[in-house]
Each structure stands twice: as structure tokens, then as C-alpha cells.
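Below, each chain spelled out in residue letters.
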Amino acid sequence: MVALVLLGSAGLWAALAAQQARNDVPEAPIEDQSALDPDAGSTAEPEPEPSPEPEPEPEPVWDIDSPDSITVVVNKHRPLDPADWAPDDLVMPDVPNNNGQPLRKAAARAIEKMHAAASAAGAGFVIASGYRPYAMQVDLFQSYVDRDGVEAAETYSARPGHSEHQTGLVADVDDGSGCAFEFCFGDTAAGVWIRKNAYRYGFIVRYNEGQEGVTGYIYEPYHLRYIGKKASKAMHKQGIQNLEDFFGLEPAPTY
């Protein structure tokens with residue numbers, strides 16, 4: 001009241017007008033939070049983000065042409081290139097070896113493991129033949145031609161440059177039962193064990209019974225070809241018996 005008296009009449013009326021204006025201002029409405037935020041007050045958990053679909057594994061890319069590839073395909077239509085190619089990583093596997101012939105390092109290490117497992121199962125074997133260079137195949141093939149003629153020789157021996165033995169990835173094996181280089185090896189303890197288990201170590205029986213029209217060679221249950229575990233396990237899973245079918249190649253029964 002003292003303040004109003006000191007202001008005088010003009011000031012009094014101005015103060016009263018200001019007070020009235022303040023009293024006439026409406027209070028701001030309380031905002032409806034639910035209108036602004038549809039999830040306000042809700043206790044429901046948000047929907048989880050869907051998990052992304054896993055990317056499919058890429059198809060393996062196999063090198064079937066390079067002579068130093070462990071999956072190179074050598075047959076009567078596919079000679080090594082160059083024809084006299086020789087591997088540079090030959091080693092002597094720690095497996096009984098009748099002729100002292102080496103293998104490429106990967107094949108040697110794999111056959112050592114396979115030999116140990118087979119021996120533990122009572123199905124031991126020895127290596128009867130391993131790497132054969134081009135010049136050696138020239139002499140060997142000619143000796144068979146001289147003995148049996150070209151047509152017969154080509155059913156069980158390869159022309160120089162077309163032999164898997166030249167890759168250093170092949171071992172012919174034997175168990176000393178009298179079936180060396182014979183069909184009957186497939187019925188021996190070693191032959192049966194190898195047929196069931198070789199794929200676990202990266203090997204396949206290359207020339208199977210009934211596959212002559214594809215591979216061009218008679219049944220050789222003793223001829224083991226190293227192609228690596230990924231390829232050998234894939235062949236086993238798919239039930240494929242020869243490299244030609246596995247890699248989608250044409251049959252090669254003749255040159």
C-alpha cells in the first residue's frame with residue numbers, strides 16, 4: 001500500500017492495470033504426452049530387429065589346369081602342360097616304400113597320417129609306386145606296348161605326359177598279400193579300409209570299378225590320388241567316383 005501511495009494517482013492506475021493484465025492471462029494447457037509420444041506410458045518392449053540372413057558360402061574355385069595344383073586333372077584328354085613338367089617339392093614319405101619313390105610334400109604328409117591310422121586298424125600298407133618323371137614313363141609305357149600291344153597297354157598305363165604319377169600326387173599301395181597291382185587288392189583288409197577312409201586324408205581311389213568309360217582305365221583299387229581334404233570330402237558326400245564327373249568334364253575313355 002505504501003508503494004501504491006508513493007506512485008501517485010497516475011502510477012496507481014498503471015499498476016492496477018498491469019496487475020489485472022497478469023490476472024487475465026490463461027494458464028498454458030498441460031500437453032498430452034500420449035499424443036506426442038505413442039509409446040509414452042507403455043510397458044511393452046520394442047520389437048527386436050530381425051537378424052540378417054547369413055551370406056551363403058561361395059562355391060570353391062578348383063584349379064584343374066595348373067600342373068602344380070593338387071586338383072589338376074590329368075587324363076587321356078588332358079595332358080600336363082608342359083608335358084615334361086616336374087614338381088619341385090618332392091619328399092620321401094615316412095611310410096614303407098618298396099621302390100623308394102617320393103611324393104609331393106602335401107601328399108607325403110597326408111599318406112603318413114593315413115598309414116598310421118590304417119596300421120592301427122590292422123590294415124597297414126606299403127607304397128609300391130610313387131612319383132614317376134616323364135622320361136621314366138616313356139620307358140615304362142613302351143615296355144607295356146612291346147609286351148601287350150598299344151590297345152591293351154592303354155587300358156592300364158598312360159602315355160608320357162598323361163600319367164597321374166608324374167604329378168607326384170599318386171601312390172600305388174600294396175599290403176603284401178599277393179595282390180600287388182591286381183583287382184583283388186580291393187578285397188584285402190587294406191583295400192577295404194582305404195575305400196572307406198581314404199577321403200578323410202585327402203585321397204581317392206582314382207580308377208574305380210565300372211568307371212572305365214569315363215576314366216579310360218581298368219579298375220585299380222590300389223591307385224590312390226591326393227586331391228586334398230576339401231575336394232575328397234565333397235566327392236564322398238556327393239557319392240561321385242571320378243574327377244571327370246566331379247569337375248564337370250567330358251569322359252576321356254580314349255586319346
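The coordinates are above.
So, how was this worked out
Residues numbered from 1 in each chain as written. Predicted model: local features only at pLDDT ≥ 70, side-chain atom pairs only at ≥ 80, totals over all residues. Heavy atoms only, no water. Helix = DSSP H or I, 4+ residues; strand = E, 2+ residues; numbered from the N terminus. Buried < 20%, exposed > 50% of the residue type's maximum accessible area, 1.4 Å probe, protein only. Contact = heavy atoms within 4.5 Å. 1 Å grid on protein atoms, 1.4 Å probe; cavity = no way out; pocket = protein on both sides within 12 Å on 5 of 7 lines; lining within 4 Å. Points joined across faces, edges and corners; volume = space filled by probe spheres on them. Nonpolar A, V, L, I, M, F, W, Y, C, P; charged D, E, K, R; others polar.

S.K.: Looking at this structure, how should I read the environment of Glu-182?
M.R.: Along the chain, Glu-182 turns up in the loop between strand E4 (170-174) and helix H6 (189-197). Exposure remark for Glu-182: the relative accessible area of 43% places this residue in the partly exposed category. Between the alpha carbons of Glu-182 and Glu-220 there is a distance of 7.2 Å; along the sequence they are 38 residues apart. Discounting residues that sit within four places of it in the chain, Glu-182 has contacts with Pro-221 and Tyr-222.

S.K.: Explanation requested: the layout of surface pockets in the structure shown.
M.R.: Which parts of space are left empty comes out when a probe the size of a water molecule is rolled across the atoms. If you add up the space inside the largest pocket, you get close to 370 Å³. Along the wall of the largest pocket there are 23 residues; nearest its centre are Arg-132, Tyr-156, Ser-157, Asp-172 and Glu-220. Breaking the lining of the largest pocket down by element, the ones donating at least two residues are helix H4 (134-148) and strand E6 (220-226). At five residues, H4 tops the list of elements feeding residues into the lining of the largest pocket. Roughly 250 Å³ of volume is contained in the second largest pocket. If you trace the second largest pocket, you find 14 residues lining it, with Arg-195, Ile-204, Val-205, His-236 and Ile-240 closest to the centre. For the lining of the second largest pocket, the elements supplying multiple residues, two or more each, are H6, strand E5 (203-207) and helix H8 (229-238). Tallied by class, residues from the lining of the second largest pocket come to eight nonpolar, five polar and one charged.

Don't take any of this as a statement about function, it's just geometry.
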